[in-house]
Amino acid sequence: MQYIFIIFIIRLLPPIFYSRVRNGPVLPQVIAGDQTSYSIKTAKVQGSSMYTKSVKEVLRITGVNPENGLDSGTYAKQLKKYGPNVLPEAKKESIIKKFFMQLKDFMIYTLIGAAVISYTVSYIDGEPDYIEPSIILLIIVMNGIIGVIQEVRAENSINALKKMCAPTATVLRDSVWAKDSAKNLVPGDIIMLETGALIPADARIIKCENLMTDEASLTGESAPVNKTTQELPSGT
C-alpha cells in the first residue's frame, strides 16, 4: 500500500467544513501518490510562510526529526501554546436577534405596511378595526418563530454532523504512528495520508512523487492539482 507522509505546518484549514446542501465534509482530498511522500507544518517565520522556504530550511526551523516526530513533552507545549486545530467559532446569536433577523424581508415589510394602512383607514372612517391588523401582525410573529425554530434545528444538525464526521489523522509522535483526532494536531506534527484520505490541515510537502489532490471544495477547480516539494513564491 502506498502512503503520503506530511509534517503538519500551519493551521489555516479548519478540521472540517460543512455545506447544508451536501450535508457532508468538504475537505481537500488526496487523489493519488506514488512511493513515500513527506510534508511539514508550521506557522509563519520571520514574516514569511513555510511554503516559501526550501525543505531543508523548513526542517531546520522546525527542529522536527521526520523519523521520530514530536516527543510527548514538545507536543504538550505546542498544544498549550497554539490550542486545538480548529478555527474560532463565531459568536452565537441570541434567540431574540435571530427572531428580528427573520423580519428583515421585503414581504414582512409589506405586511407591516398593510397592517398600518388597514388600521389607519378604519380609524379615519371612525370605526377603528383591530382585528385585521392583529391577524396580520400575528402572521408575522408566527412566521418569525417558525423561522427561528428551523434555523436552530439546522444549526443543531450541523453541530451533530461535525461530531460524527470529525476527521482523524495518522500522526507520528515518539516514533510511533497512531490515529488521533485532527483537532489535536499541532505545528510540528508529522501526519501520514493514504490515497483518498482527507487532508486535515495545511502542510508543507517535503517529499512526494506524483502527488495529486482534489481542491474543488476550496477553489471550485474540478481538475486534480499536482503537488510538489518545490517552494512557492510569496503570496501564492
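Described in the following lines is the structure provided in the data block.

Quick notes on the overall build of the protein chain
Reasoning step 1: Secondary structure assignment for the protein chain yields 6 helices and 7 strands.
Reasoning step 2: Mapped from its N terminus to its C terminus, the protein chain presents α and β elements in the order β-β-α-α-α-α-α-β-β-β-β-α-β.
Reasoning step 3: Taken over 236 residues, the protein chain has a buried fraction of 34%.
Reasoning step 4: Within the protein chain, counting contacts between residues at least 6 apart in sequence, those at least 24 apart form 72% of the total.

Quick notes on the pattern of salt bridges
Reasoning step 1: Applying the stated criterion across every chain yields a total of 7 salt bridges.
Reasoning step 2: Residues K98 and E155 are paired through a salt bridge, measuring 2.8 Å at the closest nitrogen-oxygen approach. Of the two residues, K98 sits in helix α3 (residues 95-102) while E155 sits in helix α5 (residues 131-164), which places them 57 residues apart along the sequence.
Reasoning step 3: A salt bridge links D180 to R173; the shortest N-O distance between them is 3.0 Å.

Re the environment of A178
Reasoning step 1: Along the chain, A178 falls in strand β4 (residues 176-181).
Reasoning step 2: Sequence separation between A178 and I191 is 13 residues; the distance between their C-alpha atoms is 9.4 Å.
Reasoning step 3: In this structure, A178 is in contact with A169, T170 and V171, ignoring residues within four places of it in sequence.

What about the side chain of T213?
Reasoning step 1: Within the secondary structure, T213 sits in strand β6 (residues 202-214).
Reasoning step 2: By relative accessible area, T213 is classed as buried at 3%.

What counts, and where the lines are drawn
Residue numbers restart at each chain and count upward from 1, following the sequence in its written direction. Local features in a predicted model are, by the rule used here, given only for residues with pLDDT of at least 70; side-chain atom pairs are given and counted only at 80 or more, and totals for whole chains, interfaces and linings are based on all residues. Values reported for side chains reflect all heavy atoms of the structure, with hydrogen atoms and water molecules removed beforehand. By definition, any uninterrupted DSSP run of H or I lasting at least four residues is a helix, any uninterrupted run of E lasting at least two residues is a strand, and each is numbered from the N terminus. Relative accessible area decides the class of each residue, using a 1.4 Å probe on protein chains only: under 20% of the type maximum gives buried, over 50% gives exposed, and in between gives partly exposed. Should any heavy atoms of two residues lie within 4.5 Å, those residues are counted as being in contact. What makes a salt bridge here is a side-chain nitrogen of Lys or Arg within 4 Å of a carboxyl oxygen of Asp or Glu, nothing more.

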